[in-house]
Amino acid sequence: MWRSGPWRRAAAGAGLLTADGVPGTTIFAEMSALAASTGAINLGQGFPDTDGPREVLDAARDAIAAGLNQYPPGRGTQVLREAIARHQAHWYGLPVDPDTEVLVTAGATEALAAVLLAFVDEGDEVLTLEPAYDAYGAVIELAGGVHRTVPLDWPSFRPDPDRLRAAITDRTRVILLNTPHNPTGAVLDEALLRVVVEAAERHDALIVTDEVYEHLLFDGARHVPVATLPGAWDRTITVSSGGKTFSTTGWKIGWLTGPAELVSAALAVKQFLTFVNGAPFQPAIAAGLDLPDEVFASIAGTLQAGRDTLVAGLEAAGLPVSVPQAGYFVIVDGAPLGFPDGAELCRLLPTLAGVVGVPVSAFCRDAQAERMRSLVRFAFCKSPAVLAEASARLATLAQRGRTV
């Protein structure tokens, strides 16, 4: 009996169900284990190796010392909900009621799960861009939904507006966007977002946006929250978190904002997932959200410098690079060096260069996985010393590549 059930849908949706029906490990776990066993530099998984702002860490210590170690309120602590409301108003001009239009969650992933489980029913279609964060497919399938995708093409990773418009139909229940985008680092421009909003209005679809990289922008790129566009607020749930911005991914403090009716529906599900989480970390993230704008600019600037270091090494290796506009990751094409299979290249990289990445095909399904087959993602959310060493190692691939 245990061999069947919703877990199979979740595993299959994330691409983890093997041919014999056994759930496999994620590519992230496989590559991290490979890095550990070989001593290679792990640029596969997207977690920083340095701490975030001192003010944020100190606020967590202070909260623990002050005894804020029991269950917080179900919607999140007042101080964090108010900080999230101030953040949305300050950065985007969005007025948000902290009492009815904000919900604190166990990271952005739980927020997304709560929303999809709240609104997606058997047979409802959910549209995402592809490649996509693997949790999307898992939760869509768990909810009984049908996962539809619009492909992103190398090297710009910008969806075709006509294809995007055509993919949204009366069967579409949720349009799930991720901007800035993981794994590509693309930032969707306002014109594309307007296409989504217009189609959502036409077909009465809900818009859910994953904006966890909202402050990690490079080269003057601008993040436009969908909820700020005309006609969007009433049908949009915005999801974000503090983990990426403040290098506190292990704290798992996320949130969602939107109209009170939609937030309450998500709460009806969320309260039976984690119930609540991270009591002493919530005021710490609140402190982070209230930091001066210069701190956010400095965080993005440090990441951009890391990006440039890694890109230089990858280009020296002879690998074509899609330079990201935002986020933690850079994507390259292994084919010109004689590696048409990105997964194979990732398994060889510890020996060839002492570095680990992950294949972009792991973020795709079927035809799109084949189209992305030669692409590899590397993380640059690491210290300058680590990135300098990784860049130097990767540069040696130019002499070690093979021809096909």
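Since this is a predicted model, take the numbers as computed values, not measurements.

Enquirer: Break down helix α11 (residues 293–316) for me, citing the residues and quoting the values.
Expert: Under the 1.5 Å per step criterion, the end-to-end length of α11 is 35 Å for 24 residues, consistent within 8% with the ideal 34 Å. Listed in full, the buried residues belonging to α11 are F296, I299, A300, L303, G306, R307, L310, V311, G313 and L314.

Enquirer: I'd like a rundown of the packing of helix α5 (residues 107–119) against helix α9 (residues 260–270), residues and numbers included.
Expert: Packing of α5 against α9 leaves a shortest axis separation of 8 Å and a crossing angle of 100°. By the angle between their axes, α5 is roughly perpendicular relative to α9. Of α9, the residues touching α5 (which contributes E110, A114, V115, L117, A118 and F119) are L262, A265, A266, V269 and K270. Class assignment of the residues belonging to the contact of α5 with α9 gives a composition of nine nonpolar, no polar and two charged.

Enquirer: Explain the sheet that holds strand β8 (residues 253–257) to me, and be specific about the residues and the numbers.
Expert: Sheet architecture is open: seven strands sit in the order β2-β8-β7-β6-β5-β3-β4, paired in mixed fashion. Each edge of the sheet is formed by a strand with only one pairing partner; in this case those strands are β2 (102–106) and β4 (146–151). Strand-to-strand, the axes of this sheet are offset by a mean angle of 25°, without reference to chain direction. As paired strands, strand β7 (residues 236–241) and β8 are joined by four bridges and run antiparallel to one another. Bridge pairing in β8 places S241 opposite G254. Of the strands in this sheet, β2, β7 and β8 are in contact with helix α4 (residues 78–92), which crosses β2 at around 115°. The strands that helix α10 (residues 281–289) touches are β2 and β8; relative to β8, the one it contacts most, it runs at about 65°.

Enquirer: Please provide a residue-by-residue account of the sheet that holds strand β13 (residues 375–379), values included.
Expert: Hydrogen bonding along the main chain pairs the strands of a sheet, whether they run parallel or antiparallel. Here four strands make up an open sheet; going across it, the order is β9-β10-β13-β12 and the pairing antiparallel. Among the strands making up the open sheet, the edge pair consists of β9 (321–322) and β12 (358–359). Relative to β13, strand β10 (residues 329–333) runs antiparallel, the two being bridged by five bridges. Pairing of V330 across the sheet is with F378, part of β13. Along the sheet, α11 contacts β9, β10 and β13; its crossing angle with β10, the most-contacted strand, is approximately 10°.

Enquirer: Explain the environment of P320 to me, using residue names and the numbers behind them.
Expert: If you trace the backbone, P320 turns up in the loop between α11 and β9. Note on P320: relative accessible area 31%, which makes it partly exposed. P320 sits 55 residues away from L375 along the chain, and the two C-alpha atoms are 9.7 Å apart. Excluding its chain neighbours within four sequence positions, the residues that come into contact with P320 are W154, I331, V332, D333 and P336.

The rules behind the values
- Residues numbered from 1 in each chain as written.
- Predicted model: local features only at pLDDT ≥ 70, side-chain atom pairs only at ≥ 80, totals over all residues.
- Heavy atoms only, no water.
- Helix = DSSP H or I, 4+ residues; strand = E, 2+ residues; numbered from the N terminus.
- Expected span 1.5 Å × (residues − 1).
- Buried < 20%, exposed > 50% of the residue type's maximum accessible area, 1.4 Å probe, protein only.
- Axes fitted to C-alpha atoms, helices over the stretch in contact; angles between N-to-C directions.
- Parallel < 35°, antiparallel > 145°, perpendicular 65-115°, else oblique.
- Contact = heavy atoms within 4.5 Å.
- Nonpolar A, V, L, I, M, F, W, Y, C, P; charged D, E, K, R; others polar.
- Pairing = 2+ DSSP bridges.

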